[in-house]
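Secondary and tertiary structure notes
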Amino acid sequence: MNRERFSLNEISVRGLCTDLLRNLWMILLAAAAMWCVATAWHNLTFEPEYTSSATLVVGVKGQSNAYSSLGVASQMADVYGQVFQSEALREKIREDVGEDVNGTITCSLIEETNLLVLHATSPEPRQAYVYLYSALENYEEVSGQVFSNADLKMVQEPNIPYTPSNTSWMLKNRYLLMVLAAAGMAAVIAFYYVMRFTVKNVKSAESQLDGKIMGVIPYERKEMDLRGRKESKQALILSSPSVSMDYAEAGRRTETRIEYHMRKNSQKALLVTSIGENEGKSTVAANLALSMSEKHKKVLLVDGDLRKPAQHKIFEIKDENRISLERVLKEENGWREAVCQGKARGVRELFQFSAAKHPEQCLKEERLEVLLHEWKQEFDYIIIDCSPVMVSADTEVWMSVVDTVLLVVREDWADVRLINDTVDIVRQTGSDFAGFILNAFHREWSGQVGTGRYGSYGAYGETGRKERG
């Protein structure tokens, strides 16, 4: 994936760890898959071997001196190893058991003792036992001339092996392979997180976004319902007593900068949109209207999303034979009949209560221009919440009639290239682009969100990349 820039400062450690935890099932699945592969490979390729063992004590005939026995044992270890591997002894064993026995015999000396340990290894447990037992019965006929004064006594008789004495490399290192598979999957997830061209923190927004950053709204977890099972459906609006001080103050500071921008440019109509769904544009638009009303401004909040309207849900207004924006756009009713008195003083609301059947037929530029002209005569500010840019072409119609446009960008959500392309579209329509609101951004583990001079929650970079020519 090509990126214009890349910096470690643009990566959120918290976001990376969250992404790994969110995809923990993939990491565990990779480890489980490797366990299955290693086990299957072992079962398909493994050739088991069985080992029977016996322990002998070496002595010197006619002597009880332990040092003499130790000396003889050290000399006999290598020689008896060759004797037990000799073809002569194998022939004796073949005659004794009446069949050809496959396998090998090894002889080892237990250090600082006069004990010899014999191991007979064969593909079958029976053959391993028979091989070793017969070898012990017949070795004297082959080795009698080698150590005529040596005396071997049985200390531990040959055992019958029940389980293989060897294992495959795959089975032996199965758990290590599981760890490597899990680490590999984690590395893949981390790679895709790093290379996903989204806004991951404020520093990346400052360097990647083509416009001003008007504010950063912190991530706020909704309260649980009374049963404590799931988050409440109540929206995070400034008038709610459940929102935190950081969240409320961040919203008010953001509104102050936006209002300053609009007042400086003699603007009244603000369009709030986003690239994709679930970025929080409707809540941001509602909070901007509420924050402006706190300053005794007369504000009209319009739900211009005819496809998935949300403002009536945010303010918990039910459709009780109320007039929707759709009817106003079709000139079936006047907008004054449809406007509701908001819960906050100074806010008037024009809702769309359900999805329009043919939204493209409702949005006519000429009709919108007439409505905007009338609204500007009546209100100090008009906040319009419209559908996301990638959902429909309705946004472009609204862009052509409003004074300025504000884009809501959620943390690690939309592709930066699509965001900047949308900014180009805004400018091509002739509308002013106010900037970005970074929504639902988490506090970094370092304790800051960005760099700058904007308050206690963290600081916000004022400008993004230089505007492209």
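Refer to the structure above for everything that follows.
Residues numbered from 1 in each chain as written. Predicted model: local features only at pLDDT ≥ 70, side-chain atom pairs only at ≥ 80, totals over all residues. Heavy atoms only, no water.

This brings us to the overall build of the chain. What the chain contains, in helices and strands, is 17 helices and 12 strands. Per-residue burial for the chain yields a buried fraction of 50% across its 469 residues. If you take every contact in the chain between residues at least 6 apart in sequence, the share linking residues at least 24 apart comes to 78%. Carbon and sulfur atoms make up 52% of the accessible area of the chain, which totals about 24100 Å². (Helix = DSSP H or I, 4+ residues; strand = E, 2+ residues; numbered from the N terminus. Buried < 20%, exposed > 50% of the residue type's maximum accessible area, 1.4 Å probe, protein only. Contact = heavy atoms within 4.5 Å. Areas by Shrake-Rupley, 256 points an atom, 1.4 Å probe, with all protein chains shown as cover.)

Right, let's get into the pairing of strand E5 (residues 213-218). The element E5 is largely enclosed, with a buried count of 6 among its 6 residues. Taken together, the 5 bridges between E5 and strand E12 (residues 432-441) define a ladder with parallel strand orientation. Paired with Val216 across the strands is Leu438, a residue of E12. (Pairing = 2+ DSSP bridges.)

This part takes up the pairing of strand E6 (residues 269-274). In terms of burial, E6 is largely enclosed, as 6 of its 6 residues are buried. Residues of E6 alternate between two faces, with Ala269, Leu271 and Thr273 on one and Leu270, Val272 and Ser274 on the opposite face, all of them buried. The sheet contact formed by E6 and strand E10 (residues 381-385) spans 4 bridges and is parallel. Paired with Val272 across the two strands is Asp385, which belongs to E10. Across 5 bridges, E6 lies against strand E11 (residues 404-410) in parallel orientation. Note on E11: the bridge partner recorded for Leu270 is Thr404.

Before going further, it helps to spend a moment on helix H1 (residues 13-22). Those residues of H1 not exposed but buried are Arg14, Gly15 and Asp19. Viewed along the axis of H1, the buried residues span an arc of 135°, placing them on a single side of the element. In this fold, the buried residues of H1 make contact with helix H7 (174-195). (Arc of directions from axis to C-beta.)

What follows is about unusual backbone geometry. The backbone phi angle of Asn278 is positive, close to 65°, even though this residue is not glycine. Among the secondary structure elements, Asn278 is positioned in the loop between E6 and helix H10 (281-293). The exposed category is assigned to Asn278, whose relative accessible area is 57%. Phi at His296 is positive, roughly 65°, even though this residue is not glycine. Mapped onto the secondary structure, His296 falls in the loop between H10 and strand E7 (299-303). On the basis of relative accessible area, His296 is assigned to the exposed category, the value being 60%.

Take Arg443: it is sitting in the segment after E12. Sequence spacing of Arg443 and Asn201 is 242 residues, and the spatial spacing of their C-alpha atoms is 9.0 Å.

With respect to the secondary-structure elements, Asn23 resides in the loop between H1 and helix H2 (24-45). On the accessibility criterion, Asn23 (17% relative accessible area) is buried.

One finds Trp375, Trp398, Ile419, Phe436 and Leu438 to be the most contacted residues of the largest nonpolar core, which totals 49 residues. Phe436 has contacts with Leu209, Asp210, Gly211, Lys212, Ile213, Met214, Gly215, Leu406, Leu407, Val409, Ile419 and Val423, leaving out every residue within four places of it along the chain. Judged by nonpolar contacts, the second largest core, of 36 residues, contains Ala235, Ala285, Ala286 and Ala289. (Core = buried A, V, L, I, M, F, W, Y, C linked by side-chain atoms within 4.5 Å.)

Moving on, we get to the sheet that holds E11. Across the sheet, 8 strands lie side by side as E5-E12-E11-E6-E10-E7-E9-E8; this open sheet has mixed pairing. On the outer flanks of this sheet lie E5 and strand E8 (340-341), each paired with one strand and no other. Here helix H17 (residues 416-428) sits on the sheet in contact with E11 and E12, set at roughly 150° to E12. (Axes fitted to C-alpha atoms, helices over the stretch in contact; angles between N-to-C directions.)

Attention shifts here to the packing of aromatic side chains. This model, assessed by the stated rule, comprises 7 aromatic pairs. Ring centres of Phe191 and Tyr192 lie 5.7 Å apart, and the angle between their planes is 80°; this geometry places the pair in the edge-to-face category. Note on Trp335 and Phe379: the rings are 6.0 Å apart at their centroids and 55° apart in plane angle, and the pair reads as tilted. Of this pair, Trp335 sits in helix H13 (residues 335-338) while Phe379 sits in the loop between helix H15 (365-378) and E10, placing them 44 residues apart in sequence. Residue Phe379 is classed as buried on the basis of its relative accessible area, which comes to 4%. An aromatic cluster is present here, built from Phe315, Phe351 and Phe353 joined pairwise through their rings. Against the face of Phe379 rests Lys298, its NZ or CZ located 5.4 Å from the ring centre. Positioned above the aromatic ring of Trp413, the side-chain terminus of Arg410 is 4.7 Å from the ring centre. (Phe/Tyr/Trp six-rings, centres within 6.5 Å; stacked < 30°, edge-to-face > 60°. Lys NZ or Arg CZ within 6 Å of the ring centre and 35° of its normal.)

Here the focus is the pattern of salt bridges. Under the definition given, this model contains 23 salt bridges. Across the pair Glu277 and Lys308 runs a salt bridge, and its minimum N-O distance is 2.9 Å. Taken together, the residues Glu277 in the loop between E6 and H10 and Lys308 in the loop between E7 and helix H11 (311-314) connect sequence positions 31 residues apart. On the basis of relative accessibility, which here comes to 54%, the residue Lys308 falls in the exposed class. Measuring nitrogen to oxygen at the nearest pair gives 2.9 Å for the salt bridge that ties Arg307 to Asp394. (Salt bridge = Lys/Arg side-chain N within 4 Å of Asp/Glu carboxyl O.)

Interhelical geometry of helix H9 (residues 245-264) versus H10 gives an angle of 75° and a closest axis separation of 9 Å. Put simply, H9 runs roughly perpendicular to H10. Across the interface between the two elements, Tyr247, Gly251, Arg252, Glu255, Ile258 and Met262 from H9 touch Thr283, Asn287, Leu288, Ser291 and Met292 from H10. For the contact of H9 with H10, the per-class residue count stands at 5 nonpolar, 4 polar and 2 charged. (Parallel < 35°, antiparallel > 145°, perpendicular 65-115°, else oblique. Nonpolar A, V, L, I, M, F, W, Y, C, P; charged D, E, K, R; others polar.)

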